[in-house]
Each structure stands twice: as structure tokens, then as C-alpha cells.
Amino acid sequence: QLDLLDQKQGLAWDDLTLNIPVPANATSLKVELLSEKENFQWVATGIVLPKVPPVGNAFSGQATVAKVAYKEYAAVTVADTGALPSTGGSLDATVNNLALSQGVLLTSGTAVAKTVGAGSKSESVASIESLNLFGLGLAVNASVVKSTAKASCDAAKNATVSGTSEIANLVVQGKTILAITPNLTIPLPLGGVLYINEQIKTQTAPNIASITVNALRLRVPTQLPIHEGLDLLSVTLASSHADIVCR
């Protein structure tokens, strides 16, 4: 027989602390008290679970072929992988023969987005073939538009990131752009700006880092004073994001 409530603190009161191993992935815990001789009342109970530090690297990634926002209308997103789970894995999205009219006319051939997280690395890639964008006095063409974002851990659990953009035969407003340097900007009509090979990096700790690479991002500010601070048009093409927490 097991008698754990043995009146150590008095005839009518006892408390009891038990260390109970909880199996991994358990979703519930049931505690039941039984008495063969006398009635008793369970006044209160509490369960304390120690916080177990996470094990292994944590991943994040996302790739998007295109995102277009025009005036106050809802943004349209094309071929988005969605966010990669922190445990890693692989997500992808594909669109063939894209034709989108949202303030501008956007067309392309095959476009692919993919994000992967495993081991010590997360990587995202977005690519577009035969890109054409027209409207609002704008004209952007390219045979290939591609971005890649990478985040990785070294042996000392330090996080590093890198990114690239591949843009072939880029023509903006009739002018061929040859040098695709990071964070290149080109002025456009209506006060607009085209960002080429845009790279945004963050490092919040030695073991935590992230990067977003937008192969092309175009924005045209509103022309109406009542909408000051808003964009008339915002277009992001071949966007890749990757980050990692090294543990």
C-alpha cells in the first residue's frame, strides 16, 4: 500500500509534492487521488513544467515571385511559398504564363519560388522568365530575374547571410542596365524609383541573422496630397528571404 498523505502536517491537512517524469510530446497529464478509508477534499493543485531549451538550429524562409499593390486596392501576391516552419523543410510555388493587370500590366513565362531549411542552412530562391512590366509611363523588361538568399551556421554557431540577384537583359525605360550592383536605384517617371538587387540584412546576435533580397522593387509615390505617405504603385519581383538561429 502507498500512503503519501500520512497526516504529517496535522489531522486534517497535508500537502504533497511529487516529481513526475512527463514523456516527450505529451499533451495532457492526469492526477487522481484515491482513499480506501476516509473521505477527503482536494483543495488545490499546481503543476510546474521546467522550460526545456530548444535543441537544434531554427530556420525561417520565404520566396515570392511577385507582389503588386496599386492605390488603395488590396495587394496581389503571385506564387508565394508561405513561411518556412522553424523546424525547416521545403516549400515551393510555381506559375506559368503570368498575366496580371493591377495598375500596370505584368506578364512573364515560367516563374518559380522555393525555400528550404535543413542542417545548418536555410536558402530561398525566386526566379522569373521573360518579364515584361508596362503602365503609368513605366517600361521594364528582362529575360531572367532571379534572387537568392542564404543563411547558415558555422562550426562555432555563428550565423552568416549572403544574397545575390541575377538579372539578364534588363531594359528600363528603353535603356539597357548592365551593372547589377547591390542596392542600385534608378529614377522613374512620376517620382518613382526602381531598386535593383535590393539586399536587406540584419544581425540581432552573433547566432541570429537574416537577409531579404528583392531582385527588382518598384515604387511610385501617390500624386494626391490627401494620400501623402502612401504609394500609388508598389511592385516587388523575385523576392527571397532567409534567416537562421544557430544553436
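Data block above holds the structure.
Residues numbered from 1 in each chain as written. Predicted model: local features only at pLDDT ≥ 70, side-chain atom pairs only at ≥ 80, totals over all residues. Heavy atoms only, no water.

K.L.:
Whenever I open this one, the overall build of the protein confuses me. Can you help?
P.N.:
Along the backbone of the protein there are zero helices and 15 strands. Relative to its full complement of 247 residues, the protein shows a buried share of 33%. (Helix = DSSP H or I, 4+ residues; strand = E, 2+ residues; numbered from the N terminus. Buried < 20%, exposed > 50% of the residue type's maximum accessible area, 1.4 Å probe, protein only.)

K.L.:
Explain the packing of aromatic side chains here, please?
P.N.:
Here a ring pair, both rings aromatic, is described through the centre-centre distance and the interplanar angle of the planes. For the structure on display, the rule yields one aromatic pair. Aromatic pair tyrosine 70 and tyrosine 73: ring centres 6.2 Å apart, planes at 25°, arrangement stacked. Across from the ring centre of tyrosine 195, 4.3 Å away, lies the NZ or CZ of arginine 217, which sits over that ring. (Phe/Tyr/Trp six-rings, centres within 6.5 Å; stacked < 30°, edge-to-face > 60°. Lys NZ or Arg CZ within 6 Å of the ring centre and 35° of its normal.)

K.L.:
Sorry, what's going on with the state of the cysteines here?
P.N.:
Chemically, a disulfide is nothing more than a covalent bond linking the sulfur atoms of two cysteines. Scanning the model with the defined rule gives one disulfide in all. In this model, cysteine 153 is linked to cysteine 246 through a disulfide, with the two sulfur atoms separated by 2.0 Å. In this structure the cystine formed by cysteine 153 and cysteine 246 twists about its S-S bond by roughly -95°; its chirality is therefore left-handed. Remark: cysteine 246 occurs in the segment after strand E15 (231-245) and cysteine 153 occurs in strand E8 (residues 138-153); sequence separation between them is 93 residues. (Disulfide = S-S within 2.5 Å.)

K.L.:
Looking at this structure, how should I read the pairing of E15?
P.N.:
A regular strand places its side chains so that they alternate between the two faces of the sheet. With eleven of its 15 residues buried, E15 lies for the most part within the structure. Where strand E1 (residues 58-70) lies against E15, twelve bridges are found, and the strand directions are antiparallel. Across the sheet, glycine 61 pairs through a bridge with alanine 242, a residue of E15. Looking at chain direction, strand E14 (residues 208-221) and E15 are connected through 13 bridges and run antiparallel. Each residue of the ladder has a partner; that of serine 210, found in E15, is aspartate 243. (Pairing = 2+ DSSP bridges.)

K.L.:
What's the story with the nonpolar core in this structure? I'm lost.
P.N.:
One broad rule of soluble globular proteins: the nonpolar side chains tend to lie buried together. Grouped together as the largest cluster of nonpolar side chains are 40 residues, with contacts concentrated most on Leu216 and Leu218. One finds Cys153, Val161, Ile211 and Ile244 within the second-largest nonpolar core, a separate group that totals 13 residues. (Core = buried A, V, L, I, M, F, W, Y, C linked by side-chain atoms within 4.5 Å.)

K.L.:
Please explain the sheet that holds strand E2 (residues 76-80) as it appears in this structure.
P.N.:
Strand pairing in a sheet relies on backbone hydrogen bonds, with the paired strands running either antiparallel or parallel. Read from one edge to the other, the open sheet built from six strands follows the order E2-E1-E15-E14-E13-E12, with strand pairing classed as antiparallel. The open sheet has two free edges, formed respectively by E2 and strand E12 (184-187), since each of these has just one partner strand. On average, adjacent strands in this sheet sit at an angle of 25° to one another, irrespective of strand direction. Judged from the four bridges that link them, E12 and strand E13 (residues 193-205) form a sheet pairing that is antiparallel. (Axes fitted to C-alpha atoms, helices over the stretch in contact; angles between N-to-C directions.)

K.L.:
Please clarify how the pattern of salt bridges should be interpreted in this entry.
P.N.:
It is possible for side chains bearing opposite charge to pair when their charged atoms get close. Inspection of every chain in the model, using the stated rule, returns three salt bridges. Residue arginine 217 is joined to glutamate 198 by a salt bridge in which the shortest nitrogen-to-oxygen separation is 2.8 Å. Linking arginine 217 in strand E14 with glutamate 198 in strand E13, this pair joins segments that are 19 residues apart in sequence. Residue glutamate 198 is classed as buried on the basis of its relative accessible area, which comes to 9%. (Salt bridge = Lys/Arg side-chain N within 4 Å of Asp/Glu carboxyl O.)

K.L.:
Even after reading the chapter, I still don't get the environment of leucine 136, so can you show me in this structure?
P.N.:
Inspection of the secondary structure assignment puts leucine 136 in the loop between strand E7 (121-135) and E8. Leucine 136 gets classed as partly exposed once you look at its relative accessible area, which sits at 30%. Aside from chain neighbours lying at most four places away, what touches leucine 136 is Tyr70, Gly103, Val104, Leu190, Leu232 and Leu233. (Contact = heavy atoms within 4.5 Å.)

K.L.:
Please clarify how the environment of phenylalanine 59 should be interpreted in this entry.
P.N.:
Relative to the elements of secondary structure, phenylalanine 59 occurs in strand E1. Phenylalanine 59 sits in the buried class, given a relative accessible area of 8%. Expressed as a C-alpha distance, the spacing of phenylalanine 59 and aspartate 243, which sit 184 residues apart in the sequence, is 6.2 Å. Setting aside its immediate chain neighbours within four residues, phenylalanine 59 contacts Leu84, Pro85, Ser86, Thr87, Gly88, Gly117, Ala118, Gly119, Lys121, Ser122, Asp243 and Ile244.

K.L.:
Please clarify how the environment of proline 206 should be interpreted in this entry.
P.N.:
Along the chain, the position of proline 206 falls in the loop between E13 and E14. Residue proline 206 is classed as exposed on the basis of its relative accessible area of 59%. Along the sequence, proline 206 and alanine 156 sit 50 residues apart, while their C-alpha atoms lie 10.0 Å from each other. Discounting residues that sit within four places of it in the chain, proline 206 has contacts with Lys157, Asn158 and Ala159.

K.L.:
Is there a simple way to think about the side chain of asparagine 197 in this case?
P.N.:
In this fold, asparagine 197 is placed in strand E13. Taking relative accessible area as the criterion, asparagine 197 reaches 4% and is therefore assigned buried. Of note is the side chain of asparagine 197, whose polar atom sits 3.1 Å from the side chain of glutamine 199. Discounting residues that sit within four places of it in the chain, asparagine 197 has contacts with Thr164, Ser165, Ile180, Thr181, Pro182, Asn183, Val213, Asn214 and Ala215. (Polar contact = N/O pair within 3.5 Å; in protein donor to acceptor, adjacent residues only side chain to side chain.)

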